[in-house]
Each structure stands twice: as structure tokens, then as C-alpha cells.
Amino acid sequence: MAKLVLHIQNIDEAGKDYAFELSHAWLDATLQDAGLRADPAAGPGLLQLHAQQNGTEYLVNGTLQAQLVTECGRCLAEAKLPVKTVVATLFSRVSGKQLPAVQELTEDDLQREEFVGQEIVLDDLVREHLVLEVPMQPLCSEACPGIPVPERVRPPQDVFASAGSIDPRLAPLQRLRDKVPPQPESHADTGSKQVSKQASKQAPKQASKQASKKE
Ligand SMILES: [Zn+2]
């Protein structure tokens, strides 16, 4: 299945340029597990590389671009995901007897990989770069309102009361008050809160000292 292969016998210290077209079919198959696919409305992706030998190591760098689509994190519709990123990897050739260790130590933005034999296969590397470009919450548009809540499960409009109206927790009291017929004094109450507060803080603490005196 590998498609993106560099044959090291073609790569010397002067280096060689490569351009790989990333077809929709390849992108779709490679990215299926990651919930990504090629944007059907766009052209193929492109991987442009320069590879050069340095002893037993091969420095591969260049750019990777592709038009992908994924699912919008809010409304589940299609979210377009244009990818343009840099590839910079140093491949070390190791003996065929040991399996290449999967190591992705990043030093100075340079990724390190190992390979065996005569071929450097880039499929996994490219896949990884594409997947890493997907944001945590891809959106079909910044203004995406999300999935509309169906009318029948929507709360009534007045639940989220506007400022100034009564707290919903106090609604039963409000209803109770509404049932009480208006009294003559109730007009005065509305205008003067201060009077009623003062009146309530008087009176206790006098009865206790009266019974204590006997001669
Ligand atoms: Zn959306």
C-alpha cells in the first residue's frame, strides 16, 4: 500500500527533489481512521520534498498540503480543513536485523525516524502530519450555531427571565401575594421601605429583668 517511497540509491549528498501527488483515494484510505477525508471539491494534495544524504542519514524536508474535510464539532456538518504544513525529518538507516525503533524525539523541530533496507517509506509520516493539523474542535464556520434544539424540547421563552422580573424560585410567593386582596395600607408600603425596617427592630430584652427584685 505504501505509495510515498524514496529509494536511497537515488539520493546523494547533493540531494534530490520529489513531488508526490496525494490522490483523493490515497487520502481517504489513509485518513479513514482519523475521521478525515479529501475534500471532494478540491484537487489532490501535494507533498514536495528535498532529500539529501549525510553519511548513513537522510534529511528529508519540504511542505505538505491537502484540502481535507472532517465533521464540524458543533453541528456535525462538513467542516473544511485546509492543511499546509512543514515536514522535516532525519531518517537513520539501521541494520535489517533489528526492527526500526519508533522514536519521535523532536530536537530543533527535526523529527527523527529510522528505516531498514533501501527504501524510506513516508506514508505514516505524512498521515501523522495531516492528523496533527486537525484542531481540537473543527468548525464548519466560526459562527456555527450548533445543532438547533427542536421546538418541542425547548424550554418556554419566559424561563430565562430578563433582568428586573422575579426570580423563578420566588414565583410561588408571587402567586400567593397576587391572591391576597389589596389592603388599604398596601399603597403606603410600596414607597417606603425604610419605615418598615425600623419598626421591626424594637421591643425584646425588657421582660427578663423585672422578676429578679425581691426584698
Ligand atoms: Zn457547524
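Refer to the structure printed above.
Definitions and limits used
Residues numbered from 1 in each chain as written. Predicted model: local features only at pLDDT ≥ 70, side-chain atom pairs only at ≥ 80, totals over all residues. Helix = DSSP H or I, 4+ residues; strand = E, 2+ residues; numbered from the N terminus. Buried ≥ 20, exposed ≤ 12 C-beta atoms within 10 Å, placed from the backbone. Contact = placed C-beta atoms within 7 Å. Arc of directions from axis to C-beta. Core = buried A, V, L, I, M, F, W, Y, C linked by C-beta atoms within 7 Å. Pairing = 2+ DSSP bridges.

**Brief notes about the overall build of the protein chain**
Tallying secondary structure elements over the protein chain gives 5 helices and 8 strands in all. The helix and strand sequence of the protein chain, counted from the amino end, reads β-β-α-β-β-β-β-β-β-α-α-α-α. Out of the 215 residues belonging to the protein chain, those deemed buried represent 13%. Put simply, of all contacts in the protein chain between residues at least 6 apart along the chain, 61% involve residues at least 24 apart.

**Description of unusual backbone geometry**
In this model, Leu 76 sits at a positive phi of 70°, which is unusual for a non-glycine residue. You can see Leu 76 is positioned in the loop between strand 5 (57-71) and strand 6 (78-94).

**Overview of helix 2 (residues 123-132)**
All buried positions along helix 2 are accounted for by Leu 125, Val 126 and Leu 130. Down the axis, helix 2 shows its buried residues gathered within 130° of arc, on one side only. In this structure, the buried residues of helix 2 make contact with helix 1 (24-31), strand 4 (45-54), strand 5, strand 6 and strand 7 (111-116).

**Concerning the environment of Leu 132**
Within the secondary structure layout, Leu 132 lies in helix 2. Judged by the 10 C-beta atoms lying within 10 Å of it, Leu 132 is exposed. Separated by 49 residues in sequence, Leu 132 and Val 83 place their C-alpha atoms 9.9 Å apart.

**Observations regarding the nonpolar core**
In terms of nonpolar packing, the biggest core is built from 24 residues, with Leu 22, Leu 27, Leu 47, Ala 66, Leu 68, Val 126 and Leu 130 touching the most fellow members. Put simply, the parts of the chain that give this core at least two residues each are strand 2 (16-22), helix 1, strand 4, strand 5, strand 6 and helix 2. When residues in this core are grouped by element, the largest group, 6 residues, is from strand 5. Not counting residues up to four positions away in its chain, the partners in contact with Val 126 are Leu 4, Leu 47 and Leu 64.

**Digging into the environment of Gly 43**
In this structure, Gly 43 sits in the loop between strand 3 (37-38) and strand 4. On a C-alpha basis, the gap between Gly 43 and Gln 67 in space is 7.5 Å, while along the polypeptide they are 24 residues apart.

**Focus: the pairing of strand 4**
The sheet contact formed by strand 2 and strand 4 spans 7 bridges and is antiparallel. In the sheet register, Ala 19 faces strand 4, and the bridge partner there is Gln 48.

Bear in mind that shape data such as this cannot, by itself, settle questions of function.
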